[in-house]
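# Architecture at a glance
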Amino acid sequence: MEKNYVPQPIDTSSIQLPQELDGLIEQIAKNVHEVWAQSRFNEGWRYGEERNDALKHHPCLIPYEELPEVEKDYDRNTALGTLRLISKLGFKIVKE
């Protein structure tokens, strides 16, 4: 069966977030990693120097602070995209 799925994410490229959200982006990025890692551990994955799907080993099953920057950037982009979408949809983010 051929699938013709074409992703159509909402364009958030015009959204500029205030600088005071930079810390929030990092906190969300860390939590994204923590949720991902917990899910993998629950599925039986463990740390391994190289990814091995058969053995369920993954080199990123380490604390966020120890991740290579390229991996942190992936999580930051997820956080940034989420915050931009929230803003694009008309919601406000305020700290109380």
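Okay, so let's go over this structure.

Basis of the calculations
- Each chain has its residues counted from 1, running along the sequence as written.
- Given that this is a predicted model, residues contribute local features only at a pLDDT of at least 70 and side-chain atom pairs are listed and counted only at 80 or more, while totals for whole chains, interfaces and linings are drawn from all residues.
- Each side-chain value is derived from all of the structure's non-hydrogen atoms; neither hydrogens nor water enter the calculation.
- A helix here means a DSSP run of H or I that spans at least four residues, while a strand means a run of E at least two residues long, and both kinds are numbered starting from the N terminus.
- Here's how the labels work: a residue is buried when its accessible area is under 20% of the maximum for its type, exposed when over 50%, partly exposed in between, all with a 1.4 Å probe on protein chains only.
- Any two residues whose heavy atoms approach within 4.5 Å at even a single point are treated as in contact.
- Any two of the Phe, Tyr and Trp rings considered here, Trp counted by its six-membered ring, make a pair once their centres fall within 6.5 Å; the pair's planes then place it as stacked at under 30 degrees, edge-to-face at over 60, or tilted in between.
- Either the NZ atom of lysine or the CZ atom of arginine qualifies as a charge over a ring when it sits within 6 Å of the ring centre and within 35 degrees of the ring normal.
- What a helix is expected to span follows from its residue count: subtract one and scale by 1.5 Å.
- Think of it as the arc spanned by the lines of direction from the helix axis to the C-beta atoms.
- Here, the term nonpolar core denotes a set of buried Ala, Val, Leu, Ile, Met, Phe, Trp, Tyr and Cys residues that are joined through side-chain atoms within 4.5 Å.
- Detection works on a 1 Å grid of protein atoms alone, calling trapped sets that fit a 1.4 Å probe cavities and calling open sets with protein on both sides within 12 Å along at least five of seven lines pockets, with lining residues defined by an atom within 4 Å of a point.
- Grid points are joined across faces, edges and corners, and a volume is the space filled by probe spheres set on the points.
- Residues are grouped as follows: nonpolar covers Ala, Val, Leu, Ile, Met, Phe, Trp, Tyr, Cys and Pro; charged covers Asp, Glu, Lys and Arg; every other residue, Gly included, is treated as polar.
- Every patch collects residues that have over 30% relative accessible area and no salt bridge, joining them within 9 Å if they carry like charges and within 5 Å if they are nonpolar side chains (Val, Leu, Ile, Met, Phe, Trp, Tyr).
- Using the Shrake-Rupley algorithm and a 1.4 Å probe, accessible areas are obtained, with residue cover drawn only from the displayed protein chains.
- Think of a salt bridge as a Lys or Arg side-chain nitrogen and an Asp or Glu carboxyl oxygen that are within 4 Å of each other.

By the secondary structure assignment, His 58 is in strand E2 (residues 57-58). The class for His 58 is buried, based on a relative accessible area of 11%.

In this fold, Val 32 is placed in helix H1 (residues 22-42). In this structure Val 32 comes out as partly exposed when scored by relative accessible area, which is 27%. Taking the C-alpha atoms as reference, Val 32 lies 21 Å from Phe 91; in sequence the two are 59 residues apart. The contacts of Val 32, once residues within four sequence positions are left out, are Asp 75 and Thr 78.

Applying the stated criterion across every chain, the model contains zero aromatic pairs. The positively charged end of Lys 72 is found above the aromatic ring belonging to Tyr 64, 5.6 Å away from the centroid.

What follows concerns helix H2 (residues 69-88). A rise of 1.5 Å per residue sets the reference length of H2, with its 20 residues, at 28 Å; its end C-alpha atoms lie 27 Å apart and thus fit the reference within 8%. Residues Lys 72, Asp 75, Arg 76, Ala 79 and Leu 83 constitute the buried set of H2. Here the buried residues of H2 occupy an arc of 100 degrees about the axis, which is enough to place them on one side. Among the exposed residues of H2, those pointing more than 90 degrees away from its buried face are Val 70, Tyr 74 and Asn 77. The inward-facing, buried residues of H2 contact H1. Positive phi shows up at Gly 90, right after H2, with a value of about 95 degrees.

Counting seven residues, the largest nonpolar core consists of Ile 25, Ala 29, Cys 60, Tyr 64, Leu 67, Ala 79 and Leu 83. Those residues within four positions of Leu 83 in sequence are excluded, and the remaining contacts are Leu 17, Leu 24, Ile 25, Ile 28 and Ile 93.

Now for the layout of surface pockets. Where empty space is left becomes clear once a probe the size of a water molecule has been rolled over the atoms. As a volume, the largest pocket reaches approximately 290 Å³. Around the largest pocket, the lining comprises 14 residues; the ones closest to its centre are Leu 21, Leu 24, Ile 93, Val 94 and Lys 95. Taken together, the elements giving at least two residues each to the lining of the largest pocket come down to H1 and H2. Tallied by class, the residues present in the lining of the largest pocket amount to eight nonpolar, three polar and three charged.

What follows is about a nonpolar patch on the surface. On the surface, Ile 10, Leu 85, Ile 86, Leu 89, Phe 91 and Ile 93 cluster together into a nonpolar patch covering about 520 Å² of accessible area. Tracing the backbone shows Phe 91 in the segment after H2.

Let us now look at H1. Taking 1.5 Å per residue, 21 residues should reach 30 Å; H1 reaches 30 Å between its end C-alpha atoms and fits that length. Every buried residue of H1 is accounted for by Ile 25, Ala 29, His 33 and Ala 37. Each buried residue of H1 lies within a common arc of 105 degrees when the element is viewed along its axis, so the set occupies one face. Of the exposed residues in H1, the ones pointing more than 90 degrees away from its buried face are Gln 27, Val 35 and Asn 42. Note on H1: the residue one or two positions beyond its end, Gly 44, has a positive phi of about 95 degrees.

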